Amino acid sequence: SPVIEINKLNVIYAAGTPMERQALSEISLLVSKGEFRAIIGPQGSGKSTLLQVMAGLITGEGTVKIAGLDLSAKKNRVQLWRQVGVVFQYPEKQLFEDTVWNDVAYGPQNLGLKQDEVKSRVQMALDKVKLEEEYFHISPFKLSGGQQRRVAIAGILAMEPKILLLDEPTAGLDPQGRQQLMGMFSSLCKKEKVTVVLVTHDMEEVANRADRVTVLQRGKLIMEGTPREVFCRG
Ligand code: ADP
Ligand code: ADP
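Because the structure is predicted, anything quoted here is derived from the model rather than measured.

Rules and cut-offs
- Residues numbered from 1 in each chain as written.
- Chains lettered and ligands numbered in written order.
- Predicted model: local features only at pLDDT ≥ 70, side-chain atom pairs only at ≥ 80, totals over all residues.
- Heavy atoms only, no water.
- Pairing = 2+ DSSP bridges.
- Helix = DSSP H or I, 4+ residues; strand = E, 2+ residues; numbered from the N terminus.
- Axes fitted to C-alpha atoms, helices over the stretch in contact; angles between N-to-C directions.
- Contact = heavy atoms within 4.5 Å.
- Near = heavy atom within 4 Å.
- Polar contact = N/O pair within 3.5 Å; in protein donor to acceptor, adjacent residues only side chain to side chain.
- Areas by Shrake-Rupley, 256 points an atom, 1.4 Å probe, with all protein chains shown as cover.
- Nonpolar A, V, L, I, M, F, W, Y, C, P; charged D, E, K, R; others polar.

**Observations regarding the sheet that holds strand 8 (residues 195-200)**
The strand order 6-7-8-3-9-10 describes an open sheet built from six strands, whose pairing is mixed. The outermost strands of the open sheet, each flanked by one partner alone, are strand 6 (84-87) and strand 10 (220-225). Going from strand to strand, the sheet's axes swing by 15° on average, the running direction of each strand aside. Relative to strand 10, strand 9 (residues 212-217) runs antiparallel, the two being bridged by five bridges. Bridge pairing in strand 10 links Val 215 to Met 223. Most of the contacts of helix 6 (residues 175-192) go to strand 3 (residues 36-40), to which it runs at about 135°, and overall it touches strand 3, strand 7 (163-167) and strand 8.

Next comes the structure, spelled out in structure tokens:
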């Protein structure tokens, strides 16, 4: 059965005010376990809104079920946050600890895991994002932008989410850094059966990696299929 099930979702911002704006209209989609789904569309098409609904951060009209949890209930949204990792745009803005290691360890420590387990998770996460050991015990604020991004992402991977929601995770990185991260996300899917939903406005970035692509335009789902189906129809 699908990990993500959305049926006739409508999201309206500032409802009932002169600024009212329908960000999503009648969106229905299914994402299966271990799938790499890309959501593409121009700026303002509703991609971030859709991702935030999947993360249980905003609610709309219609049904949204993630990992079997109906997100219309608050208690289910809280439950969901244990299984979902969300990487917002520019996640490095949320770094705050004194060292790279401590920043990545923060989440697992809060789960109350044993020190050994925390240690192995941090090591594994930093390894996945390919951050070299020489940086582990320095301040994250001394790193380059690209390195800070990788530390922030490692902090989310260390939580071992079953579902990973990514909003333009490679924005502002150099081509090599982008390739590396995209390859890592796709191997999380293929090797560890993590379900990945990635929002981007860059078709090229996902053409070779996504299993399926959902295209949004002005809040509507206008196309869905394999990259080949979607990109060849133009
Ligand atoms: P995308 O991620 O594709 O750029 P968004 O989901 O951010 O699209 O935005 C979809 C639409 O909703 C846009 O018209 C945007 O201006 C509007 N919008 C997004 N967030 C808010 C908000 N918090 N309040 C009001 N309108 C919003
Ligand atoms: P990345 O390669 O991580 O995407 P940049 O393109 O911003 O990051 O940085 C280019 C190179 O310079 C990187 O290989 C990085 O290791 C190095 N670098 C940048 N800033 C620092 C720093 N503060 N300390 C050590 N190395 C740095």
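**With respect to the site of ligand 1**
The environment of ligand 1 is formed by Tyr 13, Arg 21, Ala 23, Pro 42, Gln 43, Gly 44, Ser 45, Gly 46, Lys 47, Ser 48 and Thr 49. One nitrogen or oxygen atom from the main chain of Gly 44 is found 2.7 Å from an oxygen atom belonging to ligand 1. One nitrogen or oxygen atom from the main chain of Gly 46 is found 3.1 Å from an oxygen atom belonging to ligand 1. The protein chains hide 62% of the 560 Å² of surface that ligand 1 would expose on its own. Every element with two or more residues in the shell around ligand 1 is listed here: strand 2 (21-31) and helix 1 (47-54). Tallying contributions element by element places helix 1 first for the shell around ligand 1, with three residues. Each residue belonging to the shell around ligand 1 can be placed in one class, and the counts come to three nonpolar, six polar and two charged.

**A look at the sheet that holds strand 1 (residues 4-13)**
If you walk across this open sheet you meet the four strands as 2-1-4-5, and the pairing is antiparallel. Of all the strands in the sheet, the pair left with one neighbour each is strand 2 and strand 5 (69-70). In this sheet, strand 4 (residues 61-66) lies alongside strand 1 in antiparallel orientation, the contact comprising five bridges. Paired with Ile 6 across the two strands is Val 64, which belongs to strand 4.

**Points about the site of ligand 2**
Near ligand 2 the following residues occur: Tyr 135, Lys 142, Leu 143, Ser 144, Gly 146, Gln 147, Arg 150 and Asp 174. Within the side chain of Arg 150, an N or O atom sits 2.6 Å from an oxygen atom of ligand 2. In the complex, the protein chains occlude 47% of the 540 Å² of accessible area that ligand 2 would expose alone. Among the residues making up the shell around ligand 2, the classes are represented as two nonpolar, three polar and three charged.

Any functional reading would require information beyond the geometric quantities listed.
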